Amino acid sequence: DVAVIPSEHFNTLLYTGNNANNRAITGVGFAPDLVWVKSRPANSNNNISDSVRGNNKILIPNSTAGETTPNTISSLNSDGFTVGDGNGYDVNKNGESIVSWNWKAGGSSSSNSDGSITSTVSANVDAGFSIVGYTGNNVAGATIGHGLSAKPDLIIVKIRPDNYTGRVYNSISGATKYLDWASTATLGTYQHMWNNTEPTDEVFSVGHDVTVGGYPIRTFIAYCFHSVDGYSKVGTYEGNASTDGTFVYTGFRPSLIICKSLDGSAHWEMLDDTRDIDNVVHHALQANLSSAESAVNTRNNVDFLSNGFKFRENESNVMNGSETYIYIAFASVPFKFSNAR
């Protein structure tokens, strides 16, 4: 038996904007705790809402801007979410195709005192995903409880009220390294980001860097993920700059892939099997850009296979250059039940 049924914890949903205020978007299949919305044809921001920060509070991963309250995603509901202002940030502009990526955490948040800083956590232990809110104390080596049963493989931290890019930890590069969420920057080295300390099964550590915990009386949000067999995978791969591209084993047929070059100045590419229902998958959006969806057939060509994904393009600085890439993938169907597309 499969412990985690992917569609009960992650789902991609498409809808068409109609300019209506307070419009309920339904069909997610569960009550989402993290909703990420992007207009496909428009040059508009990515919008992220989560249940820990609360209704109508938006983060924009493609910007250094702090949290805003533009009345775009006004609530998270039992089977989806409500878009408030019809035209706000293009989350419901008339006639536009819009994509939403939806994750289930643990519903209502609770206090977590595992770390030296008390955090507020909504955790989906089975799916290896938690949303963590905390207040910085400017103490190097401060620890924050993440609510999961294993150490996170990927952590995204964003200071909420101030204009700084989000910072990204990955377990493969280690605790002296970081990536910028809102840029194409290569992997950086800074021991004060994560205090040169790997996360544990209970907590992650932050240094006194302003972007992850260095401000006293500043609020932060963290999204924590670890790999779960048959559902999600955080890993790296080596691109080969060939149309007979690298094959990446995940153990499931992917539904969503997010990847970023560690070596090159590449974007955070996002591909899914809902915008592209057949292989090859090539309709790309970028987490760090407000740009419209790219559908260039010579770029981002990826086969979503029963047990992983394989590249069919050779363009550097995209997804299959001669570089090392970090990725996180979520399943459509676990390998044991998966058929090729």
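Up top is the structure these notes are about.
Residues numbered from 1 in each chain as written. Predicted model: local features only at pLDDT ≥ 70, side-chain atom pairs only at ≥ 80, totals over all residues. Heavy atoms only, no water.

Student: Let's hear about the pairing of strand 23 (residues 302-305): which residues, and what values?
Tutor: Note that strand 23 and strand 24 (residues 308-311) share 4 bridges and pair antiparallel. Within strand 24, the residue paired with D303 across the bridge is K310. (Pairing = 2+ DSSP bridges. Helix = DSSP H or I, 4+ residues; strand = E, 2+ residues; numbered from the N terminus.)

Student: Mind laying out the sheet that holds strand 6 (residues 80-83), listing which residues take part and the relevant values?
Tutor: Reading across the sheet, the 3 strands line up as 2-6-5 and stay open at both edges, with antiparallel pairing between neighbours. What marks the edges here is a single partner per strand, and that holds for strand 2 (23-26) and strand 5 (73-77). Adjacent strand axes in the sheet meet at a mean angle of 20°, parallel and antiparallel pairs treated alike. In this structure, strand 2 lies alongside strand 6, joined through 4 bridges in antiparallel fashion. Bridged to I25 within strand 6 is F81. (Axes fitted to C-alpha atoms, helices over the stretch in contact; angles between N-to-C directions.)

Student: Go over unusual backbone geometry, please, and point to the residues and values.
Tutor: For the peptide bond that leads from N279 to V280, omega is 0°, which places it in the cis range. Checked against the element boundaries, V280 lands in the loop between strand 21 (269-272) and strand 22 (285-286). Even without glycine at this site, N19 takes up a positive phi of about 70°. For N19, the position within the fold is in the loop between strand 1 (10-16) and strand 2. The phi dihedral of N56 is positive, around 65°, even though this residue is not glycine. Note that N56 resides in the loop between strand 4 (47-50) and strand 5.

Student: Just give me the short version of the pattern of salt bridges, but keep the residues and values in it.
Tutor: Applying the stated criterion across every chain yields a total of 11 salt bridges. Put simply, E67 and R160 hold a salt bridge, and the shortest N to O gap is 2.8 Å. Of this pair, E67 sits in the loop between strand 4 and strand 5 while R160 sits in the loop between strand 12 (154-159) and strand 13 (167-170); the two residues are 93 residues apart in sequence, bridging distant segments of the chain. Overall, R160 belongs to the buried group, its relative accessible area being 15%. Close ionic contact of E293 with R275 constitutes a salt bridge, the shortest N to O distance being 2.8 Å. Taken together, the positions of E293 in the loop between strand 22 and strand 23 and R275 in the loop between strand 21 and strand 22 put the pair 18 residues apart, joining distant regions of the chain. What makes E293 buried here is its relative accessible area of 19%. (Salt bridge = Lys/Arg side-chain N within 4 Å of Asp/Glu carboxyl O. Buried < 20%, exposed > 50% of the residue type's maximum accessible area, 1.4 Å probe, protein only.)

Student: Mind laying out the side chain of D153, listing which residues take part and the relevant values?
Tutor: Within the secondary structure layout, D153 lies in the loop between strand 11 (142-145) and strand 12. For the buried residue D153, which engages in no salt bridge, the nearest side chain bearing the opposite charge is K151, 6.1 Å off. Sequence-distant contacts of D153, that is, excluding residues within four places in its chain, are made with Y169, N170, S171, F225, H226, S227 and V234. (Lys, Arg positive; Asp, Glu negative; His and termini not counted. Contact = heavy atoms within 4.5 Å.)

Student: Report on the packing of aromatic side chains, specifying residues and quantitative values.
Tutor: Considering all chains together, one arrives at 18 aromatic pairs under this definition. Taking the centre distance of 4.9 Å and the plane angle of 5° together, the rings of Y237 and Y325 count as stacked. Taken together, the residues Y237 in strand 18 (residues 232-238) and Y325 in strand 25 (residues 324-334) connect sequence positions 88 residues apart. The pair formed by Y237 and Y325 is uniform in burial state, with each residue classed as buried. Residues Y237 and Y327 carry aromatic rings whose centres are separated by 6.1 Å and whose planes lie at 45° to one another, so their mutual orientation is tilted. (Phe/Tyr/Trp six-rings, centres within 6.5 Å; stacked < 30°, edge-to-face > 60°.)

Student: Which residues make up the sheet that holds strand 25, and what are the values?
Tutor: Read across the sheet, 5 strands follow the order 18-25-20-21-22 without closing on themselves; strand pairing throughout is antiparallel. Sheet topology places strand 18 and strand 22 at the edges, where each strand pairs with a single neighbour. Relative to strand 25, strand 18 runs antiparallel, the two sharing 7 bridges. When the sheet's bridge partners are listed, K233 is paired in strand 25 with A329.

Student: Run through the pairing of strand 12, naming residues and quoting values.
Tutor: Successive side chains on a regular strand alternate, one facing one side of the sheet and the next facing the other. Of all 6 residues in strand 12, 6 are buried; the element is thus mostly enclosed. Neither face of strand 12 is left uncovered, since the one carrying L154, I156 and K158 and the one carrying I155, V157 and I159 both have all their residues buried. In this sheet, strand 17 (residues 219-225) lies alongside strand 12 in antiparallel orientation, the contact comprising 6 bridges. Each residue of the ladder has a partner; that of I155, found in strand 17, is C224. Across 4 bridges, the pairing between strand 12 and strand 13 is antiparallel. Across the sheet, the residue bridging to L154 is N170, located in strand 13.

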